[in-house]
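Descriptive analysis of the structure
Here's the letter readout for the chains.
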Amino acid sequence: MEQKAGHRYSTAVGKQESPDSSQGRNGSLQRALLPQRIEQSERHIQRQRQTTITEQSTTSFGEGPYPGGDNFVRKAFRLKGAPEESTSTILKSLAPATLKQYNRTYKLWWDFCKKTRTHPFSANSTEVLRFLQDILENYNLGYGSFNSHRSALSLVLAVNLEQCSLIKRFLKGVFKLRPSKPRYDVTWNPQIVLDFFNTEEVVDLQTLSKRLVTLLALITGHRVQTFSVIRTSNIVRHEKGVRIFISDNIKTSGLERSQPVLELPFYQVNPNICVATLLLKYLNNTANIRHPDSDLLFLTYKKPHRPATKQTLSRWIKDSLESAGVDTSIFKPHSTRHASTSMAWRKGVSLEAIRRTAGWSKNSEVFARFYNRPLYQQDNFALSILDNHDFS
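Residues numbered from 1 in each chain as written. Predicted model: local features only at pLDDT ≥ 70, side-chain atom pairs only at ≥ 80, totals over all residues. Heavy atoms only, no water.

**Describing the sheet that holds strand β2 (residues 241-245)**
Basically, it comes down to this: Paired strands, as defined in this entry, are two strands with at least two bridges between them according to DSSP. Only DSSP runs of H or I covering at least 4 residues are called helices, and only runs of E covering at least 2 are called strands; the numbering of each starts at the N terminus. For every element, the axis is a line fit to its C-alpha atoms; helices are fit only across the contacting stretch, and the angle between N-to-C directions ranges from 0 to 180 degrees.
Taken together, the three strands give an open sheet; going across it, the order is β1-β2-β3, and neighbouring strands pair in antiparallel fashion. In the strand order of this sheet, the two ends are held by β1 (235-238) and β3 (261-265), each with one partner. Here the average twist between neighbouring strands, direction ignored, is 20°. In this structure, β2 lies alongside β3, joined through five bridges in antiparallel fashion.

Quick look at the structure:
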C-alpha cells in the first residue's frame, strides 16, 4: 500500500507543470489579449467622454440664456480635452474680429438647439444640416455667410464638418441659390479726391487728420485697420521719404508671413498731396497733445485727444470722400482699396507690386476677383447719344 501510494504521488508530481512553463503560457495569453483590452478601454473612454459632453451640455448649456461667444468656445475646448489653464491661450489663436463674427453663428446655433432639443457640443452633421437649412429659409444670407457658419461650428463640434460630403454638397447648393457677389461692380476715380485736396487748405488738426488718413488709404491700398495700429515709434524718416513698420497683428498677419512696411515717398511736385510731408506735419502738430504712454499715431482732434479707433478713421475717410464729391451712398470708406489698386493697374503697375503693396499674398486672386473694377461713369453712354443728336 505504501509503495502504491508513493507511486501515485510520484506520478502526480511528475505530471505537474514547472512554474516557468506555467508563467510562460500565461504571458503569451496576456499578450494575445492585449490588443482586445486596449480596444475595449478606448471604447470605454470614448463612451465616458460622450456621456460627459452630453450631460454637461444638457445641464450647463442646454438651458438658460446664451453664455456669449468667449464662454461658448471656452466650454467647447474644455469638452474636447483642453485643460482649464490652456483654454485662454488657445482662445488667443482667434482674432477678435473672427470671434465676433463666429459669435453670431453661436447665438443662432444656441437658439436652434434649444428649440430642437439638440446638444450644442455633441451634434452630428445631420443636425448641422437642419440648422443650415433653417438659416437658409429664414434669413436672406449669401453663400459667404454659410461658409462662415460652417467654420464656426467646426471649431466647437467633434464632427469634422470640413470633410463632410453632405455639408460640402449643401454649400454648393447654397452657392447656386445665392452666389457671392463683389460689393462693387465699378469704382470711383481717385483723381476726384486728389483734386479736392489740392484746392482745400489745411487750416486745423481736423482737416489735417482727415486728409492724412484718406491719402494713406489711397497710396498704400491698405485697410483702415492697418492705419489704426501705426505707432510713432515705428515711423522712420529717410532721404527719400518715410517708412512705417507695422508691428501689431492685423488681418493679413500669419505665422510665416512678413508684416507690412508702408513706403511713403516725398512727392515734391505737389506738397498738398504728399503723404510723407503731411505725416511729418501731423507728428509735429500733435507732439504737445500726445500722452507719454500712448504710442499710436492717430489721435482724435477733439479733447481729450484719445487714440482714434478704426471706426473713427473710417468716418474721417467717409467725410473726405463725401466732401470731394464721391457718392458715399454707394461707395464706403473701404472702397479706397478698390479705387487705388484699380487705378494702379490701369496705369501699368504690375500685379505683383499691387499684391505686395496692398498686403495680398503672392498667389492671391482677391484683386482680380473683387477689387479690379472699371471707373464709375454715370450716364456717359446715354449723354453721348443725346448730345450728338441733330434736332434741326
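Once the structure has been displayed, the description carries forward.
**Quick word on the confidence of the model for the protein chain**
Detailed reading of predicted coordinates is not advised where the pLDDT is low. Note the threshold: For every residue, the predictor reports its confidence as pLDDT, a number between 0 and 100. Should any heavy atoms of two residues lie within 4.5 Å, those residues are considered in contact.
Of the residues in the protein chain, 72% have a pLDDT of 70 or more, and the chain-wide mean is 79. When the elements of the protein chain are averaged for pLDDT, helix α1 (residues 2-15) gives the smallest value, 44, and helix α6 (residues 125-138) the largest, 95. Counting interchain partners and residues more than four positions distant, the pLDDT-below-50 stretch residues 381-386 has one contact. When the criterion is pLDDT under 50, residues 388-392 qualifies, and its contacts beyond four places in sequence or with other chains add up to one contact.

**A closer look at the packing of helix α5 (residues 96-116) against helix α7 (residues 143-156)**
Using the following cut-off: When an angle is under 35 degrees it counts as roughly parallel; over 145 it counts as roughly antiparallel; between 65 and 115 it counts as roughly perpendicular; any other value is oblique. Charged means Asp, Glu, Lys or Arg here, nonpolar means Ala, Val, Leu, Ile, Met, Phe, Trp, Tyr, Cys or Pro, and polar covers whatever is left, Gly included.
Close contact between α5 and α7 brings their axes to 9 Å; oriented N to C, the two are set at 80°. Comparing the axis directions of α5 and α7 gives the class roughly perpendicular. Mapping the contact onto sequence places Gln101, Tyr102, Thr105, Tyr106, Leu108 and Trp109 in α5 and Ser148, His149, Ser151, Ala152, Leu153, Leu155 and Val156 in α7. Looking at side-chain class alone, the contact of α5 with α7 contains eight nonpolar, five polar and no charged residues.

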